[in-house]
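Below, each chain spelled out in residue letters.
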Amino acid sequence: MLRTLRCSAAAAALGLGLVLAAGASATAAPHGVKKTDPNGRFTAEEIHHFLEGFYGNHGPRPWERQNLVSDQLKERVAQTPDYDLLLCAQNEPRDIEVGEVTTAQSARVGWATITTYWGQGSPSSFTAYVDLDASRPIELLDVDCATPEG
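A brief look at the structure comes next. (Residues numbered from 1 in each chain as written. Predicted model: local features only at pLDDT ≥ 70, side-chain atom pairs only at ≥ 80, totals over all residues. Heavy atoms only, no water.)

What about helix H2 (residues 44-55)?
Then step 1. The first and last C-alpha atoms of H2 sit 16 Å apart over twelve residues, in line with the 16 Å expected at 1.5 Å per residue.
Then step 2. Buried residues of H2: Glu-46, Ile-47, Phe-50, Leu-51, Phe-54 and Tyr-55, and no others. Buried residues of H2 fall within an arc of 145° about the axis and therefore sit on the same side. Seen from the open side of H2, the exposed residues pointing more than 90 degrees away from its buried face are Glu-45 and His-49.
Then step 3. Close packing links the buried residues of H2 with helix H3 (62-67), strand E1 (95-104), strand E2 (109-117), strand E3 (124-131) and strand E4 (140-144).
Then step 4. After H2 finishes, the residue Gly-56 shows a positive phi value of roughly 55°. (Helix = DSSP H or I, 4+ residues; strand = E, 2+ residues; numbered from the N terminus. Expected span 1.5 Å × (residues − 1). Buried < 20%, exposed > 50% of the residue type's maximum accessible area, 1.4 Å probe, protein only. Arc of directions from axis to C-beta. Contact = heavy atoms within 4.5 Å.)

Structure representation (structure tokens):
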């Protein structure tokens, strides 16, 4: 009888542990897994993280330019060979800062002001846009080189 109780208690503890572990993994996504909103859209935090990785400290590298830019934006970039449309500049900046992300759920787009620093000169800013649809890989959708209103 005592042996049966011990086995039952151990099985119950094991079962409870499995239930707790399953609940924890459902609520806390592992590193690198998307945590999109309930409507299947990228969150402002995900977009900010993407833009920081995309632009880095000095601008996107060839891999980001090839793999993380929409086809329509790649076509526009190809039309400006003497101007880096993704940076709205002709040179590599000394540093880049990604501002606060805004999301427009109805337009299914998110954006942030990207500020580039050029050493002695004044910083310049432009707006980068990302599609919110999390059913596809995140990518840079568009850039607007006009200085954002601050």
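Brief notes about the environment of Asn-67
Then step 1. By the secondary structure assignment, Asn-67 is in helix H3.
Then step 2. In the structure, Asn-67 is positioned 72 residues away from Glu-139 in sequence and 8.0 Å away in space, judged by C-alpha atoms.

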